[in-house]
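The residues making up each chain are set out below.
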Amino acid sequence: MGAVGSVRGAFDRMVHLLLPPACHGCRSPLTPGQEQVCQQCRTLLRPGGHPRCSRCHAPRGTGVHPSRPCPECVHWPSELNRARWSYVLAPPADALVHGLKYDGWPELAGFMAHRMARLVPPLKLPEETRLVPVPTTPERERSRGYNQAHLLAWPLSRELGFPLLPGLARQGGGGTQVSLQRDERRANVEEAFRPVPGASTSLKDRVVLLVDDVLTTGATASAAARVLGAMGASHVTLLAFARTLDGSGAEGG
Ligand SMILES: [Zn+2]
Ligand SMILES: [Zn+2]
């Protein structure tokens, strides 16, 4: 799969380079000066409504008392302190996520990371914060040639000035999360992560910004945050590009 996949990937990228540049959201031709995503798609990206849960930023119905537990994050472990995300996983955000993950358009990561970086200043994170990408399985990374969360974490690190620390590895199992229910997602990823040898020293008492492309139920981020907590991280915030909300799709974890 690896060799065939990379030949096919190289071929796709070559074709992509020969064609006039098209918007990654809607495939319409880009006008000169536009990069990656057309103006119309930019205006269609939906940040989600208010009021929101202070922990996971899910929109809550108006009139819901803030002290009532949020059904979206009440099951999260204490190690996952909060989550922030840029857009609802609906067109065109879903096309951007798909393009980054499956179609080999890593140049999109710059645009997506720039949007994610806007969420960070209000969090008032300390200078010693470390950026940790959520790893994918070694098989998937080999066949794609990259890990999409890592692609987002690089430009984020440059823009925010926080060092990138790939401190988590993914072990076997942990297959795709697409089409799994909440409980199945949790069981699927529970044992999915382990510390990269030596990384605990760099994470001890550090605040961590955990980077992923999509937040769905939080099962993946919860499993990753538990391991980060065991490695000594003092606080974990998940930062994702998009979040599934009711009826907005079900990709990622
Ligand atoms: Zn577009
Ligand atoms: Zn919540």
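Structure: see above.
As a starting point, this report considers the structure included with it. All values reported here derive from a predicted model rather than from experimental measurement. (Residues numbered from 1 in each chain as written. Chains lettered and ligands numbered in written order. Predicted model: local features only at pLDDT ≥ 70, side-chain atom pairs only at ≥ 80, totals over all residues.)

## Observations regarding unusual backbone geometry
Part 1 of the reasoning: Look at the link from His50 to Pro51: it is a cis peptide, with omega at -5 degrees.
Part 2 of the reasoning: Geometrically, the link from Pro91 to Pro92 is a cis peptide bond, its omega value of 0 degrees lying close to zero.
Part 3 of the reasoning: Here Pro92 lies in the loop between strand S1 (82-88) and helix H3 (93-102).
Part 4 of the reasoning: Phi is positive for His57, which is not a glycine, with a value near 65 degrees.
Part 5 of the reasoning: Structurally, His57 is set in the loop between helix H2 (39-44) and S1.
Part 6 of the reasoning: Looking at His57, the number of C-beta atoms within 10 Å reads 23, which means it is buried. (Helix = DSSP H or I, 4+ residues; strand = E, 2+ residues; numbered from the N terminus. Buried ≥ 20, exposed ≤ 12 C-beta atoms within 10 Å, placed from the backbone.)

## Some thoughts on the sheet that holds strand S2 (residues 130-133)
Part 1 of the reasoning: Spatially, 4 strands are ordered S1-S6-S5-S2 in an open sheet, and the strand pairing comes out parallel. Sheet topology places S1 and S2 at the edges, where each strand pairs with a single neighbour. Here the strands of the sheet are splayed against their neighbours by 20 degrees on average, with no regard to which way each runs.
Part 2 of the reasoning: With 8 bridges joining them, strand S5 (residues 207-215) and strand S6 (residues 235-243) adopt parallel strand pairing. (Pairing = 2+ DSSP bridges. Axes fitted to C-alpha atoms, helices over the stretch in contact; angles between N-to-C directions.)

## Observations regarding helix H9 (residues 219-230)
Residues that lie three or four places apart on an α-helix share one face, since the helix turns once every 3.6 residues.
Part 1 of the reasoning: With 12 residues, H9 should reach 16 Å at 1.5 Å per residue; the first-to-last C-alpha distance of 17 Å fits that figure.
Part 2 of the reasoning: Burial analysis of H9 places 9 of its 12 residues in the buried class, the great majority of the element.
Part 3 of the reasoning: One or two residues past the end of H9 sits Gly232, with phi positive at roughly 110 degrees. (Expected span 1.5 Å × (residues − 1).)

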